[in-house]
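Tertiary structure, described
Each chain is listed here by its residues.
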Amino acid sequence: MKLQSALNFSHTLLKKAVNPGDNVIDGTAGLGHDTLFLAQLVGQKGKVFSFDIQQSAIDATNHRINENEVQHQCEVIHDGHENVKRYINDQPISAAIFNLGYLPTGNKTIITKPATTLKAVSAILNNLTPNGIIILVLYYGHPGGKEEKNQVLDFAGNLDQHQYNVLKYQFINQINDPPILIAIQKRTKSS
Ligand SMILES: C[S@@+](CC[C@H](N)C(=O)[O-])C[C@H]1O[C@@H](n2cnc3c(N)ncnc32)[C@H](O)[C@@H]1O
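So, here is what we can say about the structure in this document. (Residues numbered from 1 in each chain as written. Predicted model: local features only at pLDDT ≥ 70, side-chain atom pairs only at ≥ 80, totals over all residues. Heavy atoms only, no water.)

Details of the nonpolar core
As a rule of thumb, nonpolar side chains are buried together in soluble globular proteins. Of all hydrophobic cores here, the largest spans 28 residues; its most connected members are Ile 25, Phe 98, Ile 124, Ile 134, Leu 136 and Ile 184. Of all the secondary structure elements, the ones that give two or more residues to this core are β2 (47-52), α4 (84-88), β4 (93-99), α5 (114-127), β5 (128-138), α6 (145-157) and β7 (180-186). Broken down by element, this core gets its largest block of residues, six residues, from α5. In contact with Phe 98, not counting residues within four places along its chain, are Gly 27, Thr 28, His 81, Ala 120, Val 121, Ile 124, Ile 134, Ile 135, Leu 136 and Val 137. In terms of nonpolar packing, the next biggest core, distinct from the first, is built from 27 residues, Leu 13, Leu 41, Ile 58 and Val 137 among them. (Core = buried A, V, L, I, M, F, W, Y, C linked by side-chain atoms within 4.5 Å. Buried < 20%, exposed > 50% of the residue type's maximum accessible area, 1.4 Å probe, protein only. Helix = DSSP H or I, 4+ residues; strand = E, 2+ residues; numbered from the N terminus. Contact = heavy atoms within 4.5 Å.)

Here we look at the environment of Gly 27
Counting through the fold element by element, Gly 27 comes out in the loop between β1 (23-26) and α2 (33-42). On the basis of relative accessibility, which here comes to 4%, the residue Gly 27 falls in the buried class. Sequence spacing of Gly 27 and Phe 51 is 24 residues, and the spatial spacing of their C-alpha atoms is 5.2 Å.

Describing the sheet that holds β2
The sheet built from seven strands is open, its strands ordered β3-β2-β1-β4-β5-β7-β6 with mixed pairing. Sheet topology places β3 (74-78) and β6 (164-169) at the edges, where each strand pairs with a single neighbour. On average, adjacent strands in this sheet sit at an angle of 10° to one another, irrespective of strand direction. In this fold helix α1 (residues 6-17) packs onto β4, β5, β6 and β7, with an angle of close to 170° to the strand it touches most, β5. Set on the sheet, helix α3 (residues 55-67) makes contact with β2 and β3; between it and β3 the angle comes to about 165°. (Pairing = 2+ DSSP bridges. Axes fitted to C-alpha atoms, helices over the stretch in contact; angles between N-to-C directions.)

Some words on the layout of surface pockets
Size it by volume and the largest pocket reaches roughly 770 Å³. Lining of the largest pocket is provided by 37 residues; of these, Thr 28, Asn 99, Gly 101, Tyr 102 and Leu 103 occupy positions nearest its centre. Secondary-structure elements contributing two or more residues to the lining of the largest pocket are α1 and α2. In terms of residue count, the dominant contributor to the lining of the largest pocket is α1 (three residues). Across the lining of the largest pocket, the residue classes break down as 13 nonpolar, 18 polar and six charged. (1 Å grid on protein atoms, 1.4 Å probe; cavity = no way out; pocket = protein on both sides within 12 Å on 5 of 7 lines; lining within 4 Å. Points joined across faces, edges and corners; volume = space filled by probe spheres on them. Nonpolar A, V, L, I, M, F, W, Y, C, P; charged D, E, K, R; others polar.)

Quick notes on α2
Residues that lie three or four places apart on an α-helix share one face, since the helix turns once every 3.6 residues. Of all ten residues in α2, eight are buried, a share of seventy percent or more. What α2 keeps buried is the set Asp 34, Thr 35, Leu 36, Phe 37, Leu 38, Ala 39, Leu 41 and Val 42. Contact partners of the buried residues in α2: α1, β1, β2, α3, β3 and β4. Phi turns positive one or two residues past the end of α2, at Gly 43, with a value near 70°.

Quick look at the site of the ligand
Taken together, 22 residues are adjacent to the ligand, and Leu 31, Asp 52, Gln 54, His 81 and Glu 82 come closest. With respect to the ligand, the backbone of Thr 28 contributes an N or O atom lying 3.1 Å from a nitrogen atom. A distance of 2.8 Å separates an oxygen atom of the ligand from a polar atom in the backbone of Leu 31. In isolation the ligand offers 610 Å² of accessible surface; the protein chains occlude 93% of this area. Of the pockets mapped on this structure, the ligand occupies the largest pocket. Where the shell around the ligand is concerned, the elements lending two or more residues are α2 and β2. Here the residues of the shell around the ligand sort into eight nonpolar, eleven polar and three charged. (Near = heavy atom within 4 Å. Polar contact = N/O pair within 3.5 Å; in protein donor to acceptor, adjacent residues only side chain to side chain. Areas by Shrake-Rupley, 256 points an atom, 1.4 Å probe, with all protein chains shown as cover. Sits in = over half its atoms within 2 Å of the grid points.)

Observations concerning unusual backbone geometry
Positive phi outside glycine occurs at Asn 89, with the angle close to 45°. Within the element layout of this structure, Asn 89 appears in the loop between α4 and β4. The exposure class of Asn 89 is partly exposed, given its relative accessible area of 45%. One non-glycine residue, Asn 131, lies in positive phi territory at about 75°. Here Asn 131 shows up in strand β5. Residue class for Asn 131 comes out partly exposed when judged on its relative accessible area of 38%.

Any functional reading would require information beyond the geometric quantities listed.
Next up, the structure:
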């Protein structure tokens, strides 16, 4: 057994949380890796809402889902995730993932920001199904990254424990700001 990286662990959690037919969100499409992964989990009867503000990310994501023939169940949206409510309306959401920071192959000055990240997370929490999960993988070595990390940790750490279980996963003996995974799960009466 090998301990998983934050990124691999995010996929392990998504696999457990997502069922065929579900509605899910990729809040930061980038090159479309998570969008493809989610599209395969929800199948043709489900739906992935995938957001990015960079045209190159939208193009890369569309290319990846077309190549893998999962475009039917994907809506790739060239808009900020802070506007997520406009697209999901009242639809139930079983999972969402955000990879925060910048796109290594894209414009490195385009970074996720605390106010917009938290606006998106708050909106999705309202639509989250019981046992549904929001995952944030925090990369924070870049300018502005630590501020976002601190605000996300503060927000997640202050969620009502009667309503949500919140997990923090990180290797704590690594140099160079190892990524942190935060998972927020909506509790049911028995969980
Ligand atoms: C770390 S990358 C995501 C990597 C991606 N998960 C992948 O598999 O390639 C972060 C992405 O967030 C995007 N982004 C930044 N601010 C955003 C916002 N307000 N709404 C949506 N996407 C945003 C950036 O353009 C960038 O592509």
